Number of protein chains: 2
Amino acid sequence: MAAAAVDDRLSRVFAALADPTRRDMVARLCSGDATVSQLGAAYDVSLQAVSKHLKVLEEAGLVSRSRDAQRRPVHLEAEVFDLMTKWIERYRSEAEERYRRLDDVLAAMDGPAEGEGAVS
Amino acid sequence: MAAAAVDDRLSRVFAALADPTRRDMVARLCSGDATVSQLGAAYDVSLQAVSKHLKVLEEAGLVSRSRDAQRRPVHLEAEVFDLMTKWIERYRSEAEERYRRLDDVLAAMDGPAEGEGAVS
DNA sequence: GTCTTGGTCAACCAACGGGTTGATCAAGGA
DNA sequence: TCCTTGATCAACCCGTTGGTTGACCAAGAC
């Protein structure tokens, strides 16, 4: 049950960051909180669109919104990054470990088993 | 060629990993290459759907596909992870730095004055 | 040759995502 | 009080995506 929740969370976070505009918003929020219209000024879209983006970021847990009179300051919740880095690092280290072992095997043998193109 | 290309790449990578099935495929590929049907056996979808997922992963640069008779072994390209971690780490450290400074400021003062916002 | 295996391509469909406009709300300011 | 500002909600449009099925191709196997 915990897994599904984490899984869902991770999906939301990745999906939220798949949009360049939202990534840029996150980048801006790194240097301080901002209101919806302050954030939106940087993009050529309606305020409603900005609001939607922020909703996506909020539901992913990447930002939180409070109240200040009619303003809604947006605040970056940086802890969520941990969720991603944990996922990434886990598999990266696994993969690297495997390559290291593969190298060992190849070094132990003489002939390369197969020609692989791979590197772009 | 620089920013826009990287940006686009990043969008594709995040979008690719926003799908739990694709994340699971990546996880599986960490422990070794696999064919399309080997991968697909784990999910209750058609082979064509699996093929589509792999195409998304390939276009994001997360996997590469070679040829082995009628088989198409799928291989994880772990370097792409670096792209993500670089992006994440950059903003995370920025945000953490800001919080640290904010703590200093709050510690220096006695009463919290007011949230000014925007430290450029 | 023909058959089987492993995958891809093409067309289609329902659902989602990002954008828009119009209406509405909540809080000051005149 | 009425008006302006900051932001959200609701409905709608349209392109993309994830899934399906059916046709097809490529390489062994018989």
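A quick note: this is a predicted structure, and the numbers were derived from the prediction, not measured. (Residues numbered from 1 in each chain as written. Chains lettered and ligands numbered in written order. Predicted model: local features only at pLDDT ≥ 70, side-chain atom pairs only at ≥ 80, totals over all residues. Heavy atoms only, no water.)

Draft legend 1. Inspection of the protein's contact with DNA strand D at higher detail. Neighbouring DNA strand D are 20 residues; S37 and S51 of chain A together with Q48, K52 and H53 of chain B lie closest to it. In the environment of DNA strand D, a phosphate oxygen lies 3.2 Å from a nitrogen or oxygen atom belonging to the backbone of V36 of chain A. Within the side chain of H53 of chain B, an N or O atom sits 2.3 Å from a phosphate oxygen of DNA strand D. Elements supplying a minimum of two residues to the surface near DNA strand D: α3 (36-40) and α4 (47-59) of chain A together with α4 (47-59) of chain B. Its residues placed into classes, the surface near DNA strand D shows 5 nonpolar, 9 polar and 6 charged. (Near = heavy atom within 4 Å. Polar contact = N/O pair within 3.5 Å; in protein donor to acceptor, adjacent residues only side chain to side chain. Helix = DSSP H or I, 4+ residues; strand = E, 2+ residues; numbered from the N terminus. Nonpolar A, V, L, I, M, F, W, Y, C, P; charged D, E, K, R; others polar.)

Draft legend 2. The protein's contact with DNA strand C, seen in detail. Near DNA strand C there are 21 residues, and of these Q48, K52 and H53 of chain A together with S37 and S51 of chain B occur at the shortest range. Near the protein, meaning within 4 Å, the atoms of DNA strand C are sugar or phosphate in a fraction of 62%, with bases accounting for the rest. Here a base oxygen of DNA strand C sits 2.3 Å away from a polar atom, N or O, in the side chain of K52 of chain A. Here R72 of chain B contributes a backbone N or O atom positioned 3.5 Å from a phosphate oxygen of DNA strand C. When grouped by side-chain class, the residues that make up the surface near DNA strand C number 5 nonpolar, 9 polar and 7 charged.

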